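Chains, contacts and geometry: an overview
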Amino acid sequence: MTKPAVLITGASSGIGATYADRFARRGHDLVLVARNADRMEELAARLRAETGVTIDVMQADLAVDADVAKVEARLRDDKRIGVLINNAGLALAGAFEAQTAADLAQLVGVNTVAVLRLAHAVAPRFVAEGAGAIVNIGSVVGLVPEFGQTVYGATKAFVQFLSQGLAHELGPKGVYVQAVLPAGTATEIWSRAGADPSQVPPLMDVGALVDAALTGFDRREAVTIPPLQDGAQWDAYQGARLAMVPSFGATVPAPRYLEAAQ
Ligand SMILES: NC(=O)C1=CN([C@@H]2O[C@H](COP(=O)(O)OP(=O)(O)OC[C@H]3O[C@@H](n4cnc5c(N)ncnc54)[C@H](OP(=O)(O)O)[C@@H]3O)[C@@H](O)[C@H]2O)C=CC1
Ligand SMILES: N[C@@H](C=O)C(=O)O
């Protein structure tokens, strides 16, 4: 049986390039997407030689509408593609009040709008086929406002919610949706973001990260958090979240809000 092709965004370095390596070694043809075509061509040449798979390179800036539209069209029209790895992303150092509007627009555009648009481009075809997989790369930062990476974390919270919502909507229609939440991982994101080296946490090897994420993928896990040593903590978190839902049907405020503020 022919394996589905895999479209990977952010494939020129780091986690995306590692996903490319791993899926090529699994025998999947690839479509690589990023701005740096030279780095993708270099990776593609190596992987073609080592694995024999077919690899297409698509140069695209996912902050640019026309480029996102180009990738959307490929996802809609290329029926070989059965897996979308929504990986491309960036971080942004600095305090909220000091970050520029332009930098924030780029951050939100790539980390959320592009992720949404590409998932939305491929979902109708996957639903019609009753198959397909969408992998969205979030971050543990999306769970921790206390880390002080507010807008980056907000983009990752968006990715996580989008993924869990799509898993709820598309799972029954045969489409697998996975959210992958890495913690600090040894890639170029830190230098690109202008992070203070003294503030960079201990980092996981990128190969170990992706291999763990693929274990979750193979198990069809909805939310994969490779650095979380006790998976039961996530289950408890989900349980506590869902335990609040019945209250959301209340039509009167909770008693704690009926007493005048002291
Ligand atoms: N490393 C870490 O600690 C963690 C990373 N993540 C997430 O993992 C994902 C991958 O990041 P990582 O591999 O670490 O970092 P890298 O900086 O190594 O890779 C980022 C990738 O995204 C691509 N990219 C960035 N901006 C654009 C753009 N405008 N258009 C198209 N592609 C773009 C880059 O390619 P190019 O420059 O060629 O366009 C590159 O291939 C991101 O979503 C990140 O948020 C999540 C948690 C932890
Ligand atoms: N990219 C990292 C922070 O900048 C992360 O998501 O942990």
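Note that the structure is a prediction, hence the values are computed from the model and not measured. (Residues numbered from 1 in each chain as written. Chains lettered and ligands numbered in written order. Predicted model: local features only at pLDDT ≥ 70, side-chain atom pairs only at ≥ 80, totals over all residues. Heavy atoms only, no water.)

**A few points about the site of ligand 2**
- Around ligand 2 lies a shell formed by Ala91, Ser139, Val141, Gln149, Tyr152, Ile189 and Trp190.
- In this structure, Ser139 approaches ligand 2 through a side-chain N or O atom, which is 2.7 Å from an oxygen atom.
- Gln149 has a polar side-chain atom sitting 3.2 Å from an oxygen atom of ligand 2.
- Here ligand 2 has 230 Å² of accessible area as a free molecule, and 89% of this is covered by the chains.
- In the shell around ligand 2, the residues fall into 5 nonpolar, 2 polar and no charged. (Near = heavy atom within 4 Å. Polar contact = N/O pair within 3.5 Å; in protein donor to acceptor, adjacent residues only side chain to side chain. Areas by Shrake-Rupley, 256 points an atom, 1.4 Å probe, with all protein chains shown as cover. Nonpolar A, V, L, I, M, F, W, Y, C, P; charged D, E, K, R; others polar.)

**A closer look at the nonpolar core**
- Within the largest apolar cluster, 31 residues are counted, with the highest numbers of intra-cluster contacts made by Ile8, Tyr19, Phe23, Leu30, Leu32, Ile85 and Phe217.
- Elements supplying a minimum of two residues to this core: strand E1 (5-9), helix H1 (14-25), strand E2 (30-34), helix H2 (37-51), strand E4 (81-86), strand E5 (133-137), strand E6 (176-180) and helix H7 (206-218).
- Those residues in contact with Leu32 that sit more than four places away from it in its chain are Ile8, Ala11, Ala20, Met40, Leu43, Ala44, Ile55, Asp56, Val57 and Met58.
- Residues Leu7, Val31, Ala121 and Ala123 belong to the second largest nonpolar core, which totals 28 residues. (Core = buried A, V, L, I, M, F, W, Y, C linked by side-chain atoms within 4.5 Å. Buried < 20%, exposed > 50% of the residue type's maximum accessible area, 1.4 Å probe, protein only. Helix = DSSP H or I, 4+ residues; strand = E, 2+ residues; numbered from the N terminus. Contact = heavy atoms within 4.5 Å.)

**A short note on the sheet that holds E5**
- Here we have 7 strands laid out as an open sheet, ordered E3-E2-E1-E4-E5-E6-E7, and parallel in their pairing. In this open sheet, the two edge strands, each paired with only one partner strand, are strand E3 (55-59) and strand E7 (223-224).
- Each of E4, E5, E6 and E7 touches H7; the most contacted strand, E6, lies at about 150° to it. (Pairing = 2+ DSSP bridges. Axes fitted to C-alpha atoms, helices over the stretch in contact; angles between N-to-C directions.)

**Regarding the packing of aromatic side chains**
- One pass over the full model with this rule turns up 4 aromatic pairs.
- Where Tyr19 meets Phe23, the ring centres are 6.1 Å apart and the plane angle is 15°; that geometry is what we call stacked. Placement of the pair is Tyr19 and Phe23 together in helix H1, with a separation of 4 residues, close to one helical turn. With respect to burial, Tyr19 and Phe23 carry one shared label: buried.
- Between Phe23 and Phe217, the aromatic rings sit 5.8 Å apart at their centres with planes inclined by 85°, giving edge-to-face as the arrangement. With Phe23 in helix H1 and Phe217 in helix H7, this residue pair connects regions lying 194 residues apart in the sequence. For the pair Phe23 and Phe217, one class covers both residues: buried. (Phe/Tyr/Trp six-rings, centres within 6.5 Å; stacked < 30°, edge-to-face > 60°.)

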